[in-house]
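Structure at a glance
The lines below spell out each chain.
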Amino acid sequence: MVERKPIIVGNWKMHKTISETRTTLSALRAAVQDVDSVDIGVAPPFTSLSAAAEVLLGSNIALAAQNMHCRDTGAFTGEVSPPMLLDAGVTHVILGHSERRELFGETDDLIATKVEAALAHRMVPILCVGETQGQREANETVSVVTGQLSGALRQLRGADLESLVVAYEPIWAIGTGLTATPGQAQQVHEIIRDFIGDLLGRAVAERLRIQYGGSVKPDNAAELLTQPDIDGALVGGASLEAESLAAIVRAC
Ligand code: PEP
């Protein structure tokens, strides 16, 4: 059995000014300074990345971005490139979040180019997949999730994927207060691991960390995180307060 170190990442979405970022991350840093059994990350908005990097310097909290362009430079108004993020101190990047897919039209093909760019720049891609309520009710969860995985990982070989993290985020559970039951989440996580095993080899699948995301909070984290194929959490709303993100880390 491969030991997988759990990974908890806070996705702040479009929240927090630079000064709010400093305050929250200083408190988080103090609250989790003794934790070494869990990888911890926070994804502030782009404008706060440099300030966040200063506050987190020398800490056990990684800096993540919420999105990224696949090219290094060029005429791409409004976009931010992998070298720019690395320069700002970013090591992890959330890709294919359902809000990017739904609100900004991101396709599996586009997300594939970003995953490849992240790996090429030695950043940790956190690839988000998940079904809508309607797709779940139509029994399409497995085909949607495996389709998103094969679409985004189409060009990659096992050896490239050492750092890949997958986040299973049922869309009906994001920001709604509805959480997948531990059993529902575990079932999909196991399917994801098996699918990655078929696609990229059993060794990659065994090492792959699969986060659950969707209304994770301090009071439901422990029962989700004790499932055998749940290796961490991607946390939205509950990551905005240092204490609640720290409590989720401790629940791990
Ligand atoms: C998310 O957006 O990645 C997320 C999981 O949000 P929340 O925790 O608020 O449901």
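Shown above is the structure to which this text applies.
A short tour of the structure in this document, coming up. Along each chain, residue indices are assigned from 1 in the same order as the chain's sequence is written. For a predicted model such as this one, the threshold for reporting local features is a pLDDT of at least 70, and the threshold for listing and counting side-chain atom pairs is 80 or more; totals across whole chains, interfaces and linings nevertheless cover every residue. For side-chain calculations, the full set of non-hydrogen atoms in the structure is used, while hydrogens and water are omitted.

**Points about the site of the ligand**
We define proximity as follows: a residue is near a molecule or strand when any one of its heavy atoms falls within 4 Å of that partner. Close to the ligand lie 14 residues, the nearest being K13, H97, E169, G175 and S215. In the environment of the ligand, an oxygen atom lies 2.8 Å from a nitrogen or oxygen atom belonging to the backbone of S215. G237 places a polar main-chain atom, nitrogen or oxygen, 2.9 Å from an oxygen atom of the ligand. Throughout, the Shrake-Rupley method with a 1.4 Å probe supplies accessible areas, and for residues the shown protein chains are the sole cover considered. Here the ligand has 290 Å² of accessible area as a free molecule, and 95% of this is covered by the chains. Its residues placed into classes, the shell around the ligand shows four nonpolar, eight polar and two charged. Two N or O atoms form a polar contact when they lie within 3.5 Å of each other; inside protein one atom must be a possible hydrogen donor and the other a possible acceptor, and for residues adjacent in sequence the pair counts only when both atoms belong to side chains. Residues are grouped as follows: nonpolar covers Ala, Val, Leu, Ile, Met, Phe, Trp, Tyr, Cys and Pro; charged covers Asp, Glu, Lys and Arg; every other residue, Gly included, is treated as polar.

**Examining helix 1 (residues 18-32)**
Helix numbers and strand numbers start at the N terminus; a helix is a DSSP run of H or I with at least 4 residues, a strand a run of E with at least 2. Take the residue count of a helix, subtract one, and multiply by 1.5 Å to get its expected span. With 15 residues, helix 1 should reach 21 Å at 1.5 Å per residue; the first-to-last C-alpha distance of 21 Å fits that figure. All of the buried residues in helix 1 are T21, T24, L25, L28 and V32. Down the axis of helix 1, the buried side of the element spans an arc of 95°, and every buried residue falls inside it. Residue contacts are counted whenever heavy atoms from the two residues lie within 4.5 Å of one another. For helix 1, the elements touching its buried residues are strand 2 (39-43), helix 2 (49-56), strand 3 (61-65) and helix 11 (242-251). With a 1.4 Å probe rolled over the protein chains alone, any residue whose accessible area is under 20% of its type maximum counts as buried; one over 50% counts as exposed, and the rest are partly exposed. This arc corresponds to the set of directions leading from the helix axis out to the C-beta atoms.

**Considerations on the sheet that holds strand 3**
At least two bridges found by DSSP between two strands is the condition for calling them paired. If you trace the eight strands once around the closed barrel, you get 1-2-3-4-5-6-7-8, paired in parallel fashion. Neighbour to neighbour, the strand axes of the sheet diverge by 25° on average, direction disregarded. Lines fitted to C-alpha atoms define the axes here, with helix axes fitted over just the stretch in contact, and angles between the N-to-C directions of these axes take values from 0 to 180 degrees.

**Description of the side chain of N67**
By secondary structure assignment, the location of N67 is in the loop between strand 3 and helix 3 (82-87). In this structure the side chain of N67 is engaged in a polar contact, spanning 2.8 Å, whose partner is the side chain of K114. Apart from the residues within four sequence positions on either side, N67 is in contact with F46, L85, V93, I94, R100, E106 and K114.

**What about the pattern of salt bridges?**
One side-chain nitrogen of Lys or Arg within 4 Å of one carboxyl oxygen of Asp or Glu is enough to make a salt bridge. Overall, the coordinates contain 18 salt bridges when judged by the stated rule. Salt-bridge contacts for R202 lead to D194; the nearest nitrogen and oxygen are separated by 3.3 Å. A relative accessible area of 41% means that R202 is categorised as partly exposed. Taking relative accessible area as the criterion, D194 reaches 36% and is therefore assigned partly exposed. Between E243 and R250 there is a salt bridge; the shortest N-O distance is 3.8 Å. Three or more residues joined by partner-sharing salt bridges are found here, namely R4, R193, D194, R202, E206, D229 and D231.

So yeah, pure geometry; function would need other evidence.
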